[in-house]
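Below are the chains, spelled out letter by letter.
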Amino acid sequence: MAEIAYDDFLAVDIRAGTVIRAEPYPEARKPAIKLWVDFGGDLGVKKSSAQITVHYDPETLVGRQVMAVVNFPPRQIGKFLSEILVLGVSDASGAIVLLSPDHPVPNGGRMH
């Protein structure tokens, strides 16, 4: 993969937020969960469709802090408008494991 400049990294706005609502998204082409994530302050609550059904159920996600890119343009996922990209890493079988702070942080905190 090509190297990038530090300014390129700074252009990606990655913030911490807390999941305040989560619902199954059975209409999605690939199994997904609809998330509402509170980033506090000016960002407020943003929505995302996330393919995280292998390791997570909607009930277990509420109250969990996640990391997300908040400055991508919104993307239509079926009938749902996804406003952020919740970040994760593939496990050994390819299922997504969410990235999250290992200690509580303020909603809207920017990744450094």
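Small disclaimer: the values here were computed from a predicted structure and weren't measured. Starting from 1, residues in each chain are numbered consecutively following that chain's sequence as written. Since the coordinates come from a predicted model, pLDDT governs what is reported: local features require at least 70, and pairs of side-chain atoms require 80 or more to be given and counted, while whole-chain, interface and lining totals use all residues. Working from all heavy atoms in the structure, the side-chain values ignore hydrogens and water.

Some points on the pattern of salt bridges
Whenever Lys or Arg places a side-chain nitrogen within 4 Å of a carboxyl oxygen from Asp or Glu, that contact is recorded as a salt bridge. Evaluated as defined, the whole model comprises four salt bridges. Note that Arg15 and Asp13 form a salt bridge whose closest N and O atoms lie 2.6 Å from each other. Residue Arg21 is joined to Glu23 by a salt bridge in which the shortest nitrogen-to-oxygen separation is 2.6 Å. A relative accessible area of 40% places Arg21 in the partly exposed class. Accessibility expressed as a relative area gives 25% for Glu23, which makes it partly exposed. Each residue is assigned to one of three classes by its accessible area relative to the maximum for its type, calculated with a 1.4 Å probe on protein chains only: buried under 20%, partly exposed between the two thresholds, exposed over 50%.

Quick word on the UniProt feature "domain: TRNA-binding" (unreviewed entry) in the protein chain
In the UniProt entry, the feature "domain: TRNA-binding" (unreviewed entry) is given for residues 8-112. Numbering of helices and strands runs from the N terminus, with a helix taken as a DSSP run of H or I at least four residues long and a strand as a DSSP run of E at least two residues long. The distance from the first to the last C-alpha atom of residues 8-112 is 13 Å, and the span holds 7% helix and 40% strand. UniProt positions are given in the numbering used here, feature names are shortened, and annotations may be inferred rather than shown by experiment.

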